[in-house]
Amino acid sequence: MADTSARDQFGAVEGADGVSVVRGGGITRGWNGIQYRAGLSAKNVNARQLSMNVATIPPGGVAAAHIHVDFEVMLYILAGRVRHEYGPALESSVENQAGDFIFIEPGVPHEVFNLSDTEPVVAIVARSDASEWEHIIPFTRPAASGEVA
């Protein structure tokens, strides 16, 4: 097994002989308005194609519009209510709540809104990219017809 001590920056990783464990995942890091508890990725285990975290969007929070480049994302909502606006002009939307599964295909522009001003959204996030969010790019919402730029 490769030495992961240099990558063990996001929580204590236990394991040997091909099995790694992060207990509790209590350490948080922020990206794009979302807090992530320590999970599993190439940053702390020998992952090559997957990463997984628990993400929290604070009350009233928004994960600004973005695109996942060449990787898939699956989410499971543990708590709260969220709206994804998606599509070439972010013209479509879907609302989800605790118990819902969500799949986001590579290349789909989307923006994520916590629908509550008092409760966080908490979700398990799995990606087919071991680097977590390094292959995510910002997306600028197109101006609506009739708006002055």
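Rules of the game
- Numbering of residues starts from 1 in every chain and runs along the sequence as written.
- Selection of residues for local features in this predicted model requires a pLDDT of at least 70, selection of side-chain atom pairs for listing and counting requires 80 or more, and totals for whole chains, interfaces and linings are taken over all residues.
- Excluded from the side-chain calculations are hydrogens and water; all other atoms, namely the structure's heavy atoms, are used.
- Only protein atoms enter the 1 Å grid, on which a cavity is a set of points fitting a 1.4 Å probe that cannot get out and a pocket is an open set with protein on both sides within 12 Å along at least 5 of 7 lines, lining residues being those with an atom within 4 Å of a point.
- Grid points are joined across faces, edges and corners, and a volume is the space filled by probe spheres set on the points.
- Secondary structure counts use DSSP, requiring at least four H or I residues in a row for a helix and at least two E residues in a row for a strand, with both numbered from the N terminus.
- Ten residues, namely Ala, Val, Leu, Ile, Met, Phe, Trp, Tyr, Cys and Pro, are considered nonpolar, four, namely Asp, Glu, Lys and Arg, are considered charged, and the remaining ones, Gly among them, are considered polar.
- Definition used in this section: a nonpolar core is a set of buried Ala, Val, Leu, Ile, Met, Phe, Trp, Tyr and Cys residues joined via side-chain atoms within 4.5 Å.
- Exposure is judged per residue with a 1.4 Å probe applied to protein chains only, and the accessible area is read against the type maximum: over 50% gives exposed, under 20% gives buried, and values in between give partly exposed.
- If DSSP finds at least two bridges between two strands, the strands pair.
- To get an axis, fit a line to the C-alpha atoms, keeping to the stretch in contact for a helix; angles then go from 0 to 180 degrees between the N-to-C directions.

1. Digging into empty space enclosed by the protein
Stage number 1. Summed over all chains, the structure comprises one cavity of 30 Å³ or more.
Stage number 2. Approximately 260 Å³ is the volume attributed to the largest cavity.
Stage number 3. Around the largest cavity sit 24 residues that line it, and I34, Y36, L75, V112 and V125 are the ones nearest its centre.
Stage number 4. Within the residue set of the lining of the largest cavity, elements represented by two or more residues are β4 (34–40), β5 (51–57), β6 (62–68), β7 (73–79), β8 (81–86), β11 (110–114) and β12 (121–127).
Stage number 5. A total of five residues in the lining of the largest cavity trace back to one element, the largest contributor, which is β12.
Stage number 6. When grouped by side-chain class, the residues that make up the lining of the largest cavity number 18 nonpolar, five polar and one charged.

2. So, the nonpolar core
Most often, soluble globular proteins have nonpolar side chains that are buried together.
Stage number 1. Residues I34, Y36, V73 and L75 are the most contacted members of the largest nonpolar core, which totals 19 residues.
Stage number 2. Put simply, the parts of the chain that give this core at least two residues each are β4, β5, β7, β10 (101–104) and β12.

3. Points about the sheet that holds β10
Stage number 1. Pairing is antiparallel across the open sheet formed by six strands, whose spatial order is β3-β4-β5-β12-β7-β10. The outermost strands of the open sheet, each flanked by one partner alone, are β3 (28–31) and β10. On average, each strand axis in the sheet is tilted by 30° relative to the strand beside it, whichever way the strands run.
Stage number 2. Where β7 meets β12, six bridges bridge the pair, whose relative direction is antiparallel. Residue pairing across strands places M74 opposite A126, the latter belonging to β12.

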